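As a plain string of letters, each chain reads:
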Amino acid sequence: IIYSSNHNLLVLTHQVAEEIGGKEEITDSDLQEIAERYDLQEVNIINNQGLVVASSEEEVIGYDMTGQKETAEFMQLLDGKKELVQDLRNKSYGNSEEGLWKFAGVSLSDDHFLQVGYKAERFQKDIDMEVSGAARNRHVGKTGWNIICNADGVIVSDRGDISSEKIDFSDF
């Protein structure tokens, strides 16, 4: 699941990179529109000094990526590394009260890179997509089947048409 989530986020990151790569100038409003379209919570362009020079989030502009261990990891994208995905973690800049985030980055050139991020809720959508097919075409005996629920008891995968229903675990 982690591999698939990383892969999905990298695919999104490369799609955004391709989209902005053809533009002569990128504005913050361009990045806001891209973030909405790709269901990303943050899209940043970082220069060779490690400064966020454009962002879908106004409060992030000017942030120094070299200042924190978590964000400094992305500086590898200016030293020859082509792409990077971080594990789900607390955001180390901006509003750190926002919970868990997952970030990926790709090199745009020798002097800029793109970083995109989404919150844990969006990460959960990736996991749900992977899990949703896991119980299909799996049988228990001749007539039974598997179901997979999330932590809230909501069915996220089944062989039939009961996905999204909730199971009451109070009797278990």
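Residues numbered from 1 in each chain as written. Predicted model: local features only at pLDDT ≥ 70, side-chain atom pairs only at ≥ 80, totals over all residues. Heavy atoms only, no water.

**Re the pairing of strand β1 (residues 42-47)**
Phase 1 of the analysis: Within β1, six of the six residues are buried, leaving the element largely enclosed by the surrounding structure.
Phase 2 of the analysis: In β1, alternate side chains face the same way, and those of E42, N44 and I46 on one face and V43, I45 and N47 on the other are all buried.
Phase 3 of the analysis: Pairing analysis gives six bridges linking β1 to strand β6 (residues 112-119), with the strands arranged antiparallel. Paired with E42 across the strands is G117, a residue of β6.
Phase 4 of the analysis: When β1 meets strand β2 (residues 52-55), the two strands line up antiparallel, connected through three bridges. Bridge pairing links I46 to V52 in β2. (Buried < 20%, exposed > 50% of the residue type's maximum accessible area, 1.4 Å probe, protein only. Helix = DSSP H or I, 4+ residues; strand = E, 2+ residues; numbered from the N terminus. Pairing = 2+ DSSP bridges.)

**A word on helix α2 (residues 28-37)**
Phase 1 of the analysis: For α2, every residue scored as buried is listed here: D30, L31, I34 and A35. An end-on view of α2 places all buried positions within 135° of arc, on one side of the element.
Phase 2 of the analysis: D39 lies just past α2 and shows a positive phi near 55°. (Arc of directions from axis to C-beta.)

**Overview of unusual backbone geometry**
Phase 1 of the analysis: Unlike most non-glycine residues, D39 shows phi in positive territory, near 55°.
Phase 2 of the analysis: Summarising the element assignment, D39 is placed in the loop between α2 and β1.

**Quick word on the nonpolar core**
Phase 1 of the analysis: Formed by 21 residues in total, the largest nonpolar core has its most connected members in V16, I20, L31, L40, V43 and L114.
Phase 2 of the analysis: For this core, the secondary structure elements donating two or more residues are α1 (2-21), α2, β1, β5 (100-107) and β6.
Phase 3 of the analysis: No other element matches α1, which puts six residues into this core. (Core = buried A, V, L, I, M, F, W, Y, C linked by side-chain atoms within 4.5 Å.)

**As for the packing of aromatic side chains**
Phase 1 of the analysis: Overall, the coordinates contain two aromatic pairs when judged by the stated rule.
Phase 2 of the analysis: A centroid spacing of 5.5 Å and a plane angle of 5° characterise the contact between W101 and F103, whose relative ring orientation is stacked. Each member of the pair, W101 as well as F103, is classed as buried. (Phe/Tyr/Trp six-rings, centres within 6.5 Å; stacked < 30°, edge-to-face > 60°.)

**Comments concerning the pattern of salt bridges**
Phase 1 of the analysis: If you walk through the whole model with that rule in mind, you get two salt bridges.
Phase 2 of the analysis: R37 is the partner of E19 in a salt bridge, and the nearest nitrogen-oxygen pair spans 2.6 Å. Of this pair, E19 sits in helix α1 while R37 is found in helix α2, placing the two residues 18 residues apart along the sequence.
Phase 3 of the analysis: Salt-bridge contacts for R37 lead to E33; the nearest nitrogen and oxygen are separated by 2.7 Å. Taken together, the residues span about one helical turn, with R37 and E33 both in helix α2 at a distance of four residues.
Phase 4 of the analysis: Taking relative accessible area as the criterion, R37 reaches 45% and is therefore assigned partly exposed.
Phase 5 of the analysis: One salt-bridge network, held together by shared partners, links E19, E33 and R37. (Salt bridge = Lys/Arg side-chain N within 4 Å of Asp/Glu carboxyl O.)

**A word on the pairing of β5**
Phase 1 of the analysis: Across the eight residues of β5, six count as buried, placing the element largely inside the fold.
Phase 2 of the analysis: Strand direction decides the pairing type here: strand β4 (residues 89-90) and β5, joined by two bridges, are antiparallel. What sits directly across from R89, in β5, is W101.
Phase 3 of the analysis: For β5 and β6, the ladder comprises seven bridges, and the chain directions are antiparallel. Residue A104 lies in a different strand from β6, and its bridge partner there is V116.
Phase 4 of the analysis: Taken together, β5 and the strand that follows it, β6, pair antiparallel across an intervening segment of four residues.

So far we have only geometry, and geometry alone does not tell us how the molecule works.
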